[in-house]
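Below, each chain spelled out in residue letters.
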Amino acid sequence: MKKAVCLLLALTLVWPVCAAAPPARAAVPLFGRTVAVNTWNAFAVRADGSLWVWGQAARSGPEDREDRGGWVAETPLPEGECLTARRVGDDIVSVAAGTEVFVLKADGAARTFPNTIRWDKDVTAGTQVMDNVQALDAGAGLLATVRTDGSLWVWHSAVTATAQRREAGTADVALGVENGLAVGTDGTLWFFGFDNGQLSAPLTDRAGDYISEPVRVMGGVASAAPSFASVLAVGADGTLWGWGRNERGLLFAAAEARVSAPRRMMADVAEVDQSGRHAAVVKRDGSLWTWGENTAGQLGDGTVQNRSEPVRVMDGVADVAVFGAATLALKNDGTLWAWGSNRSGQLGLGYPDADPHPVPVKILDGVALPGAPLSAPAPWARAAVEEIRARGLAPDALLGGYQTTMTRAECARLMVSLVENAAGESAAALAGRRAARNVTFTDTNDPAVLTAAALGIVAGVGGGRFAPERPVTREQMARMLRGAAAVLGLPGKLSSAAYADAADVAAWARADVDFVSAHAVMNGVPGGRFAPKRPCTRETGLVAALRLYKLLKTD
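Since we're looking at a predicted model, the values are computed, not measured. Per chain, residues are indexed from 1 in the order of the written sequence. It should be noted that, the model being predicted, local features are given only for residues of pLDDT at least 70 and side-chain atom pairs only at 80 or more, the latter also being counted only at that level, while totals for whole chains, interfaces and linings use all residues. Think of the side-chain values as coming from all heavy atoms in the structure, minus any hydrogens and water.

## A closer look at the overall build of the chain
- Strands are runs of DSSP state E lasting at least two residues, helices are runs of H or I lasting at least four, and both sets are numbered from the N terminus onward. Broken down by element type, the chain carries seven helices and 30 strands.
- We call a residue buried when its accessible area falls under 20% of the maximum for its residue type, exposed when it is over 50%, and partly exposed in between, using a 1.4 Å probe and counting protein chains only. Out of the 555 residues in the chain, the part that is buried amounts to 56%.
- Contacts are residue-level and defined by heavy atoms, with any inter-residue pair within 4.5 Å sufficient. Considering only residue pairs separated by 6 or more positions, the chain has 59% of its internal contacts joining residues 24 or more positions apart.
- Looking at the chain as shown, the accessible area adds up to about 22,000 Å², and 51% of this sits on carbon and sulfur atoms. Accessible areas in this description were obtained via Shrake-Rupley with a 1.4 Å probe; residue shielding takes into account the shown protein chains only.

## Some points on helix α7 (residues 538-554)
- Here a helix's expected span is defined as the number of its residues, less one, multiplied by 1.5 Å. Its 17 residues give α7 an end-to-end C-alpha distance of 24 Å, which sits within 8% of 24 Å, the value for a rise of 1.5 Å per residue.
- Most of α7 is tucked away: 13 of the 17 residues are buried.

## Let's talk about the sheet that holds strand β22 (residues 258-266)
- Strands are labelled as partners when DSSP assigns at least two bridges between them. Ordered in space as β19-β20-β21-β22, the four strands form an open sheet in which the pairing is antiparallel. With one partner strand each, in any of the chains shown, β19 (221-226) and β22 form the two edges of the open sheet. Averaged over all pairs of adjacent strands, the angle between their axes in this sheet comes to 20°, without regard to strand direction.
- Where strand β21 (residues 240-245) meets β22, five bridges bridge the pair, whose relative direction is antiparallel. Within β22, the residue paired with Arg 245 across the bridge is Arg 258. For every element, the axis is a line fit to its C-alpha atoms; helices are fit only across the contacting stretch, and the angle between N-to-C directions ranges from 0 to 180 degrees.

## A closer look at helix α4 (residues 447-454)
- Counting buried positions over the eight residues of α4 gives six, a clear majority of the element.
- Of the surrounding elements, those touching the buried residues of α4 are α2 (408-423) and α3 (427-433).
- As used in this structure description, the phrase polar contact means that two N or O atoms lie within 3.5 Å; if the pair is within protein, one of them must be able to donate a hydrogen and the other to accept it, and residues adjacent in sequence are counted only when both atoms belong to side chains. With a side-chain oxygen positioned 2.8 Å from the backbone nitrogen of Ala 448, the residue opening α4 is Asp 446.
- Of the residues trailing α4, Gly 456 is marked for its positive phi of about 85°.

## Focus on the nonpolar core
- Membership of the largest hydrophobic core comes to 61 residues, with the highest contact counts inside it found for Met 415, Ile 457, Leu 481 and Leu 548.
- Going through the elements one at a time, α1 (379-391), α2, α3, α4, α5 (474-487), α6 (510-518) and α7 are the ones with two or more residues in this core.
- Those residues in contact with Leu 481 that lie beyond four places of it in its chain are Met 415, Phe 515, Val 516, Val 521, Met 522, Ala 544, Ala 545 and Leu 548. Definition of nonpolar core: a set of buried residues of the types Ala, Val, Leu, Ile, Met, Phe, Trp, Tyr and Cys, connected through side-chain atoms within 4.5 Å.

## Some remarks on the layout of surface pockets
- By volume, the second largest pocket is sized at about 440 Å³.
- Around the second largest pocket, the lining comprises 23 residues; the ones closest to its centre are Ala 47, Ala 397, Gly 400, Gly 401 and Arg 538.
- All residues other than Ala, Val, Leu, Ile, Met, Phe, Trp, Tyr, Cys, Pro, Asp, Glu, Lys and Arg, Gly among them, are scored as polar; the first ten of these are nonpolar and the last four charged. Residues belonging to the lining of the second largest pocket are distributed by class as follows: eleven nonpolar, eight polar and four charged. Of the two site types, the cavity is a set of points on a 1 Å grid over the protein atoms alone where a 1.4 Å probe fits but cannot get out, and the pocket is an open set with protein on both sides within 12 Å along at least five of seven lines, each lined by residues with an atom within 4 Å of a point. Grid points are joined across faces, edges and corners, and a volume is the space filled by probe spheres set on the points.

## Points about the sheet that holds strand β9 (residues 110-114)
- What the four strands build is an open sheet, ordered β7-β8-β9-β10; its pairing is antiparallel. Of all strands in the sheet, those with a lone pairing partner are β7 (92-97) and β10 (127-130), marking the two edges. For this sheet the average axis-to-axis angle between neighbouring strands, irrespective of direction, equals 30°.
- Bridging between strand β8 (residues 100-105) and β9 involves five bridges; their strand directions are antiparallel. Residue pairing for β9: Val 103 is matched across the bridge by Arg 111.

## As for the packing of α2 against α5
- Interhelical geometry of α2 versus α5 gives an angle of 25° and a closest axis separation of 10 Å. Taken together, the axes of α2 and α5 are roughly parallel relative to one another. As α2 runs across α5, the sense of the crossing is right-handed. Residue-level contacts link Arg 408, Cys 411, Ala 412, Met 415, Leu 418 and Val 419 of α2 to Gln 476, Met 477, Met 480, Leu 481, Ala 484 and Val 487 of α5.
- Among the residues forming the contact of α2 with α5, the class breakdown is ten nonpolar, one polar and one charged. Orientation labels follow simple angle bins: below 35 degrees gives roughly parallel, above 145 gives roughly antiparallel, 65 to 115 gives roughly perpendicular, and whatever is left gives oblique. Crossing handedness is defined as follows: a turn of the near helix away from the far one that is anticlockwise and smaller than a right angle gives a left-handed crossing, while the clockwise case is right-handed.

## Let's talk about the environment of Pro 310
- Relative to the helices and strands, Pro 310 resides in strand β26 (residues 307-314).
- On the basis of relative accessibility, which here comes to 22%, the residue Pro 310 falls in the partly exposed class.
- For the pair Pro 310 and Thr 290, spaced 20 residues apart in sequence, the C-alpha to C-alpha distance is 5.1 Å.
- Discounting residues that sit within four places of it in the chain, Pro 310 has contacts with Phe 252, Met 266, Trp 289, Thr 290 and Trp 291.

## Focus: the packing of α5 against α7
- Look at α5 against α7: their axes get within 11 Å of each other, and the N-to-C directions meet at 25°. Looking at the two axes, α5 sits roughly parallel to α7. Crossing geometry of α5 relative to α7 is assigned as right-handed. When α5 is examined against α7, the residues Arg 474, Met 477, Leu 481, Ala 484 and Ala 485 are found in contact with a partner set consisting of Thr 540, Gly 541, Ala 544, Ala 545, Leu 548 and Leu 552.
- Of the residues belonging to the contact of α5 with α7, the class tally is eight nonpolar, two polar and one charged.

## Looking at the side chain of Glu 475
- As for its position among the elements, Glu 475 is in helix α5.
- On the basis of relative accessible area, Glu 475 is assigned to the buried category, the value being 4%.
- Among the polar contacts made by the side chain of Glu 475, one reaches the side chain of Lys 533 at a distance of 3.3 Å.

See the structure below:
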């Protein structure tokens, strides 16, 4: 897809004033769309607000620039030079990828940068184009934002053109190829831009024209996904509707080239996206269904057979993004999966190829779910968390939700990761050398929990159980930290910790609290207390793990 340098078209729109007030920006920023893909790259926002990119990179320099009939393109990296997932920014709550890449910062600033940028630095400074933004999207030749006052703004290039404002009552926007859809706060759906068949008669007789005065299509809409020639929309009741050009039987109308009015297609739908040749929906039960063209395996059903009826691909899905012949699915556990075309390295394999990839491949862990609150580390913990990430000391799944309580299973995984990094070998190998006993629990088969138990880092709660999802308390965290230190032979330096609530520390944990205090691995809380029974947050556990790691490496 080429980057067009367009003159801004005169777009006029008077929105009906809705009774519902536009939503105010949340005090705690909420994630919007956290997964995006375009011709060149794929993007994801993790739960800590970090932005990651993979796929085809672009070189910079005069020798790479080429004038192609009025627009300037950058030459991509040579074949074989693609990126695996790379962190390129922070404090992001939403990302969109079209002709340009658009990000929404946690402070409500919308910033854009070209796909031709070289992905070797933090790019999310970009060009700030607007503040007080709550939603945005990027399409082919268009950018759009919805501000916190409910106004919709659309422009062709954030660099060369000024945004045009459309008044009042907008909740969300989705862009296609030189066209877009706006969802009002009252659930009305409006179309604007080039009509490539999406608004065929009787809705309008202007197919092929530019719709400067947006057309009201229908009411009761929650979200929509346009392409170059068709629209799929999800109703507030979960009904999927489709209309426009019927490419590859996408609209369930095999004998019709064009569907002229919204047609009911499916029930119980939560999310939808489409490329114009294949489509994907997430149903309310979390199941992912795909149909349409499948030449690159973009349906994810293990074949390259086109499908005129939806096929179930996987369960536990929260969101889906498609572009061209690539599909990305975000699961409820924060894992991101991809399949289909890898021509630009969209699958994160580190290389491009022309082969179909019909089986989902996991790319990342810890991706933020849309609508979830941003969880950045508190200021006192941020530097430590950044160092933990850089050193790879913690599982990716723990790098987010920093103020949430760490579970006993999560703590066990953290301790195993810590021990392996400090020892330079696997925890299983350590257990084998120590002739550790096998430990089993009736309520978990988590390998990290069993390994940590075999090494004596963790113990059960009685009755053969481990209680993996139970919150870990600060005194239990102290016990696990001391256990990890013992595995690696750290001398047991002890001194009685003089906390005001020392009497509240359980008898079995007193030596552990003395240990972490003497080594400054865990500090107290305000008021001169240790708060032994208080649940331990993720950021507290991560900071303590880093301090112990440094102590282990020093000693």
